[in-house]
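One letter stands for each residue in the lines below.
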Protein chains: 2
Amino acid sequence: MLESDRPKGRGTEARQRKARPITRIQREKQDLILEAALDVFSLHGFRGATIDQIAEAAGMSKPNLLYYFPRKEDIHKRLMAGMLDIWLAPLRHMDSDGDPIPEIRSYIRRKLKMSRDFPRQSRLFANEMLQGAPRIIDMLEGELKTLVDEKAKVIGGWMDEGKLNRADPYHLIFAIWATTQHYADFDVQVRAVLGNDRSGEGRFEDAACFLEQLFMHGLKPQRG
Amino acid sequence: MLESDRPKGRGTEARQRKARPITRIQREKQDLILEAALDVFSLHGFRGATIDQIAEAAGMSKPNLLYYFPRKEDIHKRLMAGMLDIWLAPLRHMDSDGDPIPEIRSYIRRKLKMSRDFPRQSRLFANEMLQGAPRIIDMLEGELKTLVDEKAKVIGGWMDEGKLNRADPYHLIFAIWATTQHYADFDVQVRAVLGNDRSGEGRFEDAACFLEQLFMHGLKPQRG
DNA sequence: GTCTATATATTGATAGAC
DNA sequence: GTCTATCAATATATAGAC
């Protein structure tokens, strides 16, 4: 059995870091590593990424990097944790007391902006999903499900009041996730299809415009 | 420089296979390998997958597998090639002479059905995208772009005739891809959020229903 | 065609000098 | 804290017996 996430080499006990305050220079080095690791992990996934690559991207030697994060998994864990909060912020932000249409419109825009500004985080997340989310499945079934349940209830309430067309709130949320994250995760494909002439950053504004139209009115023209 | 796709070991020249007809037993073995490789590649990506894993899943020894596909890359290449045709079939199928609304509705259903029936192929493709599509970028900029350009023109024509609400055809196609493939690529997340009770195969029917509603009518209720 | 044994490179992680 | 050197495991691929 090839267990990808098992620490290799001889008995590796995570190096005990003393609980002393972290210096500025230490944090800067850590941030440098995390920044480089985000590049590499988001592109190759956990197993595809190598410490060599991360160290080179961070401009330091491999043992030096391992001085700050004793194990490869530690870096990945930190990146995931740091990202999940940011990632769910837009959904948390959706206000049950607000007007349904503007709330959903603004949720879509916020989510699309995250794909534009944090594409690597999106791909890191997508990589984890494709692999069956081994490292965050608990969070999906716990924290995430709770949040979505809550927001689905809010949306369902809006529909009951006739402020939105009736539709499954869960699949609505999936659709918003899918359409917005697509521009980060499938960026190569989007660029290839749009061609060089349309591959400027304008594609995000076009996407925002299209998605607003889609989610608000759909494709079928109204008679009259 | 760590070049992941470079063949390793000593001077490896692809073993010259004689151009003699392939026997039935050979094809069966190859299919067995491809089937196993699809499992492993779709889950771990190209670099994350190992020949050991594939060989074990196929129930044969590693050298035996390498007898049929001399290099790891050969297996992956075959899987990609075999998949791309299937993958684009639903879009090719969209008929410019048909009625716009039924054509699009049926395209969505067909694409969603592919996510249900071929989730591993979808994830294989997604993995390749996340990595910047190094092995199929030419196909994206060539064959795929040509096909999408053509179909975008068809959809644009329908809009000119007033048979569809005006919207960017390219982003419409992206939205259909994203929403349908989401159910294969982010399957873990979908299941986690819907919970055990709603994680039967019924979720695909729910999704089909929702997506039809979304793409046809959007969320905003019509007055009157 | 299939197997055992093995060559060679890569990789995660450690040792120990400075 | 940082580096060079290196270990042990893993991985791709080949050699050669049967």
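What you are looking at is a predicted structure, and each value in this text was computed from that prediction instead of being measured. (Residues numbered from 1 in each chain as written. Chains lettered and ligands numbered in written order. Predicted model: local features only at pLDDT ≥ 70, side-chain atom pairs only at ≥ 80, totals over all residues. Heavy atoms only, no water.)

### Some thoughts on the environment of Leu65 of chain B
Residues and elements named next belong to chain B. Note the cut-off: Helix and strand assignments come from DSSP, with helices taken as H or I runs of at least 4 residues and strands as E runs of at least 2, each series counted from the N terminus. Each residue is assigned to one of three classes by its accessible area relative to the maximum for its type, calculated with a 1.4 Å probe on protein chains only: buried under 20%, partly exposed between the two thresholds, exposed over 50%. What makes two residues a contact is simply this: any of their non-hydrogen atoms within 4.5 Å.
Structurally, Leu65 can be placed in helix α3 (residues 62-68). We classify Leu65 as buried; its relative accessible area is 0%. Separated by 44 residues in sequence, Leu65 and Arg109 place their C-alpha atoms 37 Å apart. Excluding its chain neighbours within four sequence positions, the residues that come into contact with Leu65 are Ile33, Ile51, Ile54, Ala55, Met60 and Ile75.

### Side note on the pattern of salt bridges
Which entries qualify depends on this criterion: What makes a salt bridge here is a side-chain nitrogen of Lys or Arg within 4 Å of a carboxyl oxygen of Asp or Glu, nothing more.
A complete count under the given rule lists 40 salt bridges over all chains for this structure. Across the pair Arg116 of chain A and Asp117 of chain A runs a salt bridge, and its minimum N-O distance is 3.1 Å. Note that Glu201 of chain B and Arg203 of chain B form a salt bridge whose closest N and O atoms lie 3.5 Å from each other. On the basis of relative accessibility, which here comes to 2%, the residue Arg203 of chain B falls in the buried class. Three or more residues joined by partner-sharing salt bridges are found here, namely Arg105, Arg109, Glu205 and Glu212 of chain A.

### Examining helix α8 (residues 169-185) of chain B
All names here are of chain B. For clarity, the threshold we go by: Every helix has an expected span of 1.5 Å times one less than the residues it contains. In protein, a polar contact requires one atom able to donate a hydrogen and another able to accept it; more generally it is a pair of N or O atoms within 3.5 Å, and residues adjacent in sequence count only if both atoms are side-chain atoms.
Compared with the 24 Å implied by 1.5 Å per residue over 17 residues, the 23 Å span of α8 between its first and last C-alpha is a close match. Counting buried residues in α8 gives 17 out of 17 residues, a clear majority hidden from the surface. The distance from a side-chain oxygen at the start of α8 to the backbone nitrogen of Tyr170 is 2.8 Å, and the residue carrying that oxygen is Asp168.

### Concerning the domain arrangement of chain A
All names here are of chain A. Condition: Where each domain begins and ends is defined by an automated method or by a domain database. When two parts are put together, the accessible area they lose, computed with a 1.4 Å probe and summed over both, is reported as buried area. Following the grouping adopted for this structure description, the nonpolar residues are Ala, Val, Leu, Ile, Met, Phe, Trp, Tyr, Cys and Pro, the charged ones are Asp, Glu, Lys and Arg, and the polar ones are all others, Gly among them.
The domain boundaries assigned to chain A delineate domain 1 (9-70) and domain 2 (72-224). Here domain 1 and domain 2 have C-alpha centroids that lie 30 Å from each other. Listed by partner, the interface residues are 18 residues for domain 1 and 14 residues for domain 2. Interface of domain 1 and domain 2: buried area, both sides summed, is about 1600 Å²; carbon and sulfur atoms make up 67% of it. Our count for the domain 1 to domain 2 interface comes out at two salt bridges. The salt bridge involving Arg120 is made with Asp39; its shortest N-O contact spans 2.9 Å. Applying the counting rule to domain 1 against domain 2 returns six residue pairs in polar contact (both at pLDDT 80 or more). Ranked by residues supplied to the side of domain 1 that touches domain 2, first place goes to helix α1 (residues 24-48) with 13 residues. Across the side of domain 1 that touches domain 2, the residue classes break down as 11 nonpolar, four polar and three charged.

### Brief notes about the relation of the copies chain A and chain B
Cut-off, in case you're wondering: When the copies are superposed, the least-squares fit draws on C-alpha atoms of residues that have pLDDT of at least 70 in both.
In screw terms, the move from chain A to chain B is a rotation of 180° and a rise of 0.0 Å along the axis, fitting with an RMSD of 0.1 Å. Taken together, the turn and the small shift mark the pair as related by a two-fold rotation axis. It is Gly218 of chain A whose C-alpha, among those of chain A, lies nearest the rotation axis, at 2.0 Å. Counting the interface residues of chain A, we find that 99% of their copies in chain B are interface residues as well, pointing to one common contact surface.

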